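Listed here are the chains, written in short residue letters.
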2 protein chains.
Amino acid sequence: MNFTIQNVLIPDENAYKSVDVQISDGIIAAIAPELDPVGTAVNGKNKLLLPGFVNAHTHSSEMWQRGIMSILPLELWLAELYDFAPLDIERVYLSALGTAVETLMSGGTTVVDHLVLIPDRELETIAAAVRAYREVGIRAFIAPLIQDQPLAAGIPSGETDEQVHESYFRPTEVTLELMQAAIEEFHKPEDGIYFALAPTGIQLCSDALFEGCVGLSNNYDLCRHSHLLETKAQQKLAQEKYGCTAVEHLNRLGYLNSRTSLAHCVWLTDSDIDILAENQSTVVHNPLSNLRLGSGIAPILKYRQAGVNISFGCDGASSNDSQDLLEAIKIGSILHNVTDADYQHWITPKQAVEMASLGGTKGLNLAEELGSLAVGKKADLVLYNLTDLSLLPRTDPIGLLVLGRPTNVVDSVWVNGKQIVDNNKVKNVNVDRLRQELFNRSQWETKRKSKTVAELEQHYRSIMNLKD
Amino acid sequence: MNFTIQNVLIPDENAYKSVDVQISDGIIAAIAPELDPVGTAVNGKNKLLLPGFVNAHTHSSEMWQRGIMSILPLELWLAELYDFAPLDIERVYLSALGTAVETLMSGGTTVVDHLVLIPDRELETIAAAVRAYREVGIRAFIAPLIQDQPLAAGIPSGETDEQVHESYFRPTEVTLELMQAAIEEFHKPEDGIYFALAPTGIQLCSDALFEGCVGLSNNYDLCRHSHLLETKAQQKLAQEKYGCTAVEHLNRLGYLNSRTSLAHCVWLTDSDIDILAENQSTVVHNPLSNLRLGSGIAPILKYRQAGVNISFGCDGASSNDSQDLLEAIKIGSILHNVTDADYQHWITPKQAVEMASLGGTKGLNLAEELGSLAVGKKADLVLYNLTDLSLLPRTDPIGLLVLGRPTNVVDSVWVNGKQIVDNNKVKNVNVDRLRQELFNRSQWETKRKSKTVAELEQHYRSIMNLKD
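Residue positions within a chain follow its written sequence, with the count starting from 1. Going through the entries in the order they are written, you letter the chains from A and number the ligands from 1. Local features are withheld for residues below a pLDDT of 70 in this predicted model, meaning they are given only at 70 or higher, and side-chain atom pairs are given and counted only at 80 or more; totals for whole chains, interfaces and linings count all residues. The side-chain values count all of the structure's non-hydrogen atoms but skip hydrogen atoms and water molecules.

Caption draft 1: Focus on the overall build of chain A. Think of it this way: any DSSP run of H or I at least four residues long counts as a helix, any run of E at least two long counts as a strand, and we number them from the N terminus. From N to C terminus, chain A includes 15 helices and 18 strands. Our radius of gyration is a C-alpha quantity, and the globule rule it is checked against amounts to 2.2 Å times the number of residues to the power 0.38. A globule of 468 residues ought to have a C-alpha radius of gyration of about 23 Å, and chain A, at 22 Å, matches this closely. Contacts are assigned to residue pairs that have any heavy atoms within 4.5 Å of one another. In chain A, the proportion of contacts linking residues at least 24 apart, taken out of those at least 6 apart, comes to 75%. Under the convention used here, Asp and Glu are negative, Lys and Arg are positive, and both His and the chain ends fall outside the count. Note on charges: their place is set at NZ of Lys, CZ of Arg, CG of Asp or CD of Glu. For chain A, the separation between the mean place of its 39 positive charges and that of its 59 negative charges on side chains is 6 Å.

Here's what the structure looks like:
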């Protein structure tokens, strides 16, 4: 469908201008004032048009546990999550739908789902998420979360000898074969569904798993996505496991390139940062989950100064507990003002928008075709209504959007030129029915005790030097 | 009006229970399952009832500059604000209305407006804000922002000699007389309008002004409210001005008591914290403005451990830039997880709710009559709709409310037993007309240069040891 958004505000160098934006065959065909309308006319008056943002790291099925996870650091939080995550295929579908809806309604047009797989039903799990994303029409990266070591291996032992853990339920090579089958079945960029190789991180993956993923990503020209140094415990673990930093080790394995995006990156050294910059890898900043889990404040201003690309993620809804990308962008910008006294280094709202859009697409190897308002790029666009109370009075539209607390301001969203949100409503999802399904499959819970947390807690406290 | 909220969820020790809540003559008369209904029946099914929160520090008229203020530290940001804040009485009224609406729609029933006064029209300014708050029906503290030293006095000089600044446009005693007149005219607790003495802070106030405020607050039994040690520059300034910490000095002046609430409190020493605890003064935590202005992270976990009462504020909308109290509560809780490795000290969602409600009322000397769901207390209540997508699936209602990103979940609000929000709509304000007024009186702005920032910047950078 061809259409022309008329009289819409777009950012311009240091200011704004009112223009018409023509979209033909899913591509931005022209941007200029008073164009001859092509196709349907869309009224852009009192609205702001921006490129879609990327929700560059999430775990959709964590939506089922949002609000209820104890206030714990990652390692213990993960133990609790393992105890209380009864997933089934329909739940995977519903939470992917919910994640897509919340991402869209906060300015996102692409989601990277570091997808938790139901054991022995991996391909079905992926199929359910793909079904949801295709239904909504959001651009989606399916990054199935894989590991080949058991949960306990993720906490430093405190011993200098190499640790032996019970083996994971599935051998590394079988996991890699599964990934290959999934790539063949699900990687369909022309339909907006991309596959990524996504070993969870150094804490639960062997070198063989990383190397297998490097091989597959090279063979199929796919992105790589992992957690990296989210916690101080992982920094300790890397030293125990490798005798060097996690980044140095991943670099030796050839895992880091310009198609590698790394979630969190809280505990990197200055020389680790240089390694990321050299490899042109992307840091996915998840400020809200880093605070909720007490992981730390990622050195984002240092990354910017080193020229490392940065994008924003909501992270899974058990560690945030929302999928509001505008909230992640706000906090992920202003949080760093307390880490550097020199305000000339602070992130401005316009810079934050660029990180969330162009930065997001760079990390997914899509910056040439997506991520900015430029003729020739694909039309992944978001139109914001500037007359909502939360964006008034009129001042700087992007300042209001990023630094304020906008609610219900997403008027329209197009992905690949196809409209999927119209008049603040997702077109292809019955949100009332989704709400009913989420309601029916859950109960207000009150208290619960995690057996695995109880098993791990004493060791965790001792290794992290916390008092009894 | 008497009414009974039926079958509503309320928090209970570690869990929740479904009860009926009876309100008679503005007072909570009974809380128990299956009560005989008294007055109007209100359906509480699938809803959560909580005591109203307190927006314990804001400056309503800053709404006119939200979104557009440069990304600067407080001292320079304030200089910019002074250059671009053309206030008039109608604007004061409209921004107070907007502040009240946003506070209500995010769970607040009381607002503390550290109100910026239009010079020579002080009583009219106060009257305009009072008019707005009475119209909305929110409980409001009018805390007129007063000072008796000029802006430049707020930045440390770097000299050891006492500094002489040009004198403020109005003598201290005249300001105090003005406050007395305002008290007589506007302090009407029975109507939900309270007056508070509110010298802006040590950076712009003389001892005489503080002492005058102590006198007035004692004579009329009123609260005191000030900024305190928001920035590192203010910490330096206190040493220059007093040769001791700001808290030690205010303590000597007799300014600190249980009716004193202090906004920010970022740069206190451990012994300062003890002084606040001894005086039972309240810290108003404004996490979002502290991040936006790079002021620092207030040591909230230390305050909790020392037994200092804490409440939450949004701060003015030029330094946040919203009045969403739920956002301030979320970030003001999880932010501190990165300041203490021991998760046993972290703030839980239930604790955060108590800080925002009972903590808020304690700081205003109203804890005996407000701030919790208890028989005999005044009915300042908020009913949340738990079936909105942002609060689903059903898990822990308070966890979802505090850690999620709820939107449009405030179903009903009562202040003093009077309903002022019904079915997610403010009853006595035409919000569409408010939007139109805010729209008409503003322009999307693009760039602007502050003369005062330019004048102060070099000195600020030098005093803060920032590189040229």
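Here the narrative resumes, following the displayed structure.
Caption draft 2: Structural context of the nonpolar core. Judged by nonpolar contacts, the single largest core of 262 residues is most densely connected at Tyr 133, Leu 276 and Tyr 303 of chain A together with Tyr 133, Leu 276 and Tyr 303 of chain B. Discounting residues that sit within four places of it in the chain, Leu 276 of chain A has contacts with Val 247, Leu 256, Leu 262, Cys 265, Leu 268, Ser 281, Val 283, Tyr 303 and Val 308 of chain A. Here, nonpolar core means buried Ala, Val, Leu, Ile, Met, Phe, Trp, Tyr and Cys residues that are tied together by side-chain atoms lying within 4.5 Å of each other. Residue burial is assigned from relative accessible area. The probe radius is 1.4 Å, only protein chains are included, and a residue is buried under 20% of its type maximum, exposed over 50%, and partly exposed in between.

Caption draft 3: Representation of the interface of chain A and chain B in the model. If you look at the interface, chain A gives 79 residues, while chain B gives 79 residues. Computed with a 1.4 Å rolling probe, the buried area is the accessible surface lost when two parts are put together, summed over both parts. For the pair chain A and chain B, the summed buried area comes to about 6,900 Å², and 65% of that belongs to carbon and sulfur atoms. Of all residues in chain A, Tyr 343, Arg 394 and Trp 444 of chain A give up the largest surface area on contact with chain B, accounting jointly for 14% of the area buried on that side. We define a salt bridge as a contact between a side-chain nitrogen of Lys or Arg and a carboxyl oxygen of Asp or Glu at a distance within 4 Å. Here chain A is connected to chain B by six salt bridges.

Caption draft 4: Structural context of the packing of helix H4 (residues 172–186) of chain B against helix H5 (residues 207–220) of chain B. All names here are of chain B. Packing of H4 against H5 brings their axes to within 10 Å, and their N-to-C directions diverge by 20°. With respect to H5, the element H4 is oriented roughly parallel. In terms of crossing hand, the pair formed by H4 and H5 is right-handed. Facing H4, whose interface residues are Thr 172, Thr 175, Leu 176, Met 179, Gln 180, Ile 183 and Glu 184, H5 presents Ala 208, Leu 209, Gly 212, Cys 213, Leu 216 and Tyr 220. The axes used here are C-alpha line fits, helices contributing only the stretch in contact, and every angle between their N-to-C directions lies in the interval 0 to 180 degrees. Orientation is classified from the angle alone, with under 35 degrees giving roughly parallel, over 145 giving roughly antiparallel, 65 to 115 giving roughly perpendicular, and any other angle giving oblique. Crossing handedness is defined as follows: a turn of the near helix away from the far one that is anticlockwise and smaller than a right angle gives a left-handed crossing, while the clockwise case is right-handed.

Caption draft 5: Molecular detail of the pairing of strand S15 (residues 381–385) of chain A. Residue and element names in this part refer to chain A. The element S15 is extensively covered by neighbouring structure, given that four of its five residues are classed as buried. Here a strand pair is declared whenever DSSP counts at least two bridges between the two strands. In the sheet, strand S5 (residues 47–51) pairs with S15 via five bridges, with the strands oriented antiparallel. Each bridged residue has a counterpart across the sheet, and for Lys 47 the counterpart in S15 is Asn 385.

Caption draft 6: Focus on the domain arrangement of chain A. Residue and element names in this part refer to chain A. Reported domain spans reflect what an automatic or database domain assignment gives. Under the domain assignment used here, chain A contains domain 1 (3–50 + 374–428) and domain 2 (53–362). Taken together, the 32 residues of domain 1 in the interface contact 25 residues of domain 2. Linking domain 1 to domain 2 there are two salt bridges. Measuring nitrogen to oxygen at the nearest pair gives 3.4 Å for the salt bridge that ties Arg 405 to Asp 324. Polar contacts, as used here, are pairs of N or O atoms within 3.5 Å; protein pairs need one atom able to donate a hydrogen and one able to accept it. Residues neighboring in sequence count only if both atoms are side-chain atoms. Inspection of the domain 1/domain 2 interface yields seven residue pairs in polar contact (both at pLDDT 80 or more). For the side of domain 1 that touches domain 2, the secondary structure elements donating two or more residues are strand S1 (3–12), strand S2 (15–24), S15, helix H13 (397–403), strand S16 (410–415), strand S17 (418–422) and strand S18 (425–426). Of all the elements, H13 adds the most residues to the side of domain 1 that touches domain 2, at five residues. Across the side of domain 1 that touches domain 2, the residue classes break down as 19 nonpolar, six polar and seven charged. In this classification, Asp, Glu, Lys and Arg are treated as charged, Ala, Val, Leu, Ile, Met, Phe, Trp, Tyr, Cys and Pro as nonpolar, and every other residue, Gly included, as polar.

Caption draft 7: Here's a closer look at the environment of Thr 99 of chain B. All names here are of chain B. With respect to the secondary-structure elements, Thr 99 resides in helix H2 (residues 89–104). With 44 residues separating them along the chain, Thr 99 and Asn 55 place their C-alpha atoms 9.8 Å apart. Excluding residues within four positions of it along the chain, Thr 99 makes contact with Thr 58, Ser 60, Met 63, Val 111, Tyr 133 and Gln 323.

Caption draft 8: Representation of the relation of the copies chain A and chain B in the model. Rotating chain A by 180° and moving it 0.0 Å along the rotation axis overlays it on chain B with an RMSD of 0.0 Å. This pairing of chains is accounted for by a two-fold axis. Of every C-alpha in chain A, the one belonging to Thr 407 of chain A sits nearest the axis of rotation, 3.3 Å from it. The residues that chain A uses at the interface reappear at the interface of chain B in 100% of cases, marking a shared surface. Least-squares superposition aligns the copies on the C-alpha atoms of those residues with pLDDT at or above 70 in both.

Caption draft 9: Layout of the pattern of salt bridges. Counted under the stated rule, the structure contains 40 salt bridges over all chains. A salt bridge links Arg 448 of chain B to Glu 80 of chain B; the nearest nitrogen and oxygen atoms lie 3.3 Å apart. Remark: Glu 80 of chain B occurs in helix H1 (residues 74–83) and Arg 448 of chain B occurs in the loop between helix H14 (431–440) and helix H15 (451–463); sequence separation between them is 368 residues. One network of salt bridges, with partners in common, ties together Asp 324, Lys 330 and Arg 405 of chain A together with Glu 327 of chain B.

Caption draft 10: Quick look at the packing of aromatic side chains. In this scheme Phe, Tyr and Trp rings, the latter by its six-membered ring, pair at centre separations within 6.5 Å, and the angle between planes marks the pair as stacked below 30 degrees, edge-to-face above 60, and tilted otherwise. All told, the structure shown has 14 aromatic pairs over all chains when counted by the stated rule. Look at Phe 141 of chain A and Tyr 194 of chain A: their rings are 4.4 Å apart centre to centre, the planes differ by 5°, and that puts the pair in the stacked class. Of the two residues, Phe 141 of chain A sits in strand S8 (residues 139–142) while Tyr 194 of chain A sits in strand S10 (residues 193–199), which places them 53 residues apart along the sequence. Like Phe 141 of chain A, the residue Tyr 194 of chain A is buried in the burial classification. Put simply, the rings of Tyr 343 and Trp 346 of chain A together with Tyr 460 of chain B touch in pairs and so form one group of aromatic residues. Placement of a positive charge over a ring is assigned whenever Lys NZ or Arg CZ falls within 6 Å of the ring centre and within 35 degrees of the normal to the ring plane. Across from the ring centre of Tyr 255 of chain A, 5.8 Å away, lies the NZ or CZ of Arg 224 of chain A, which sits over that ring.

Caption draft 11: Structural context of the environment of Arg 224 of chain A. Residues and elements named next belong to chain A. Position of Arg 224 relative to the elements: it lies in strand S11 (residues 223–228). With a relative accessible area of 1%, Arg 224 lands in the buried category. The sequence separation of Arg 224 and Ala 143 amounts to 81 residues, and the corresponding C-alpha distance is 8.2 Å. Once residues within four sequence positions are removed from consideration, Arg 224 is found in contact with Leu 197, Val 214, Ser 217, Asn 218, Gly 254, Tyr 255, Leu 256, Asn 257, Arg 259, Thr 260 and Ser 261. Among the polar contacts listed, one links the side chain of Arg 224 to the side chain of Ser 217, at a separation of 2.7 Å. For Arg 224, the side chain forms a polar contact with the side chain of Asn 218, separated by 2.8 Å.

Caption draft 12: Quick peek at unusual backbone geometry. Residues and elements named next belong to chain B. Cis geometry marks the peptide bond from Asn 320 to Asp 321, where omega comes out at 15°. Note on placement: Asp 321 falls in the loop between strand S14 (309–312) and helix H11 (325–334). If you check the backbone angles, Asp 221 has positive phi at about 55° while not being a glycine. Its location among the elements puts Asp 221 in the loop between H5 and strand S11 (223–228).

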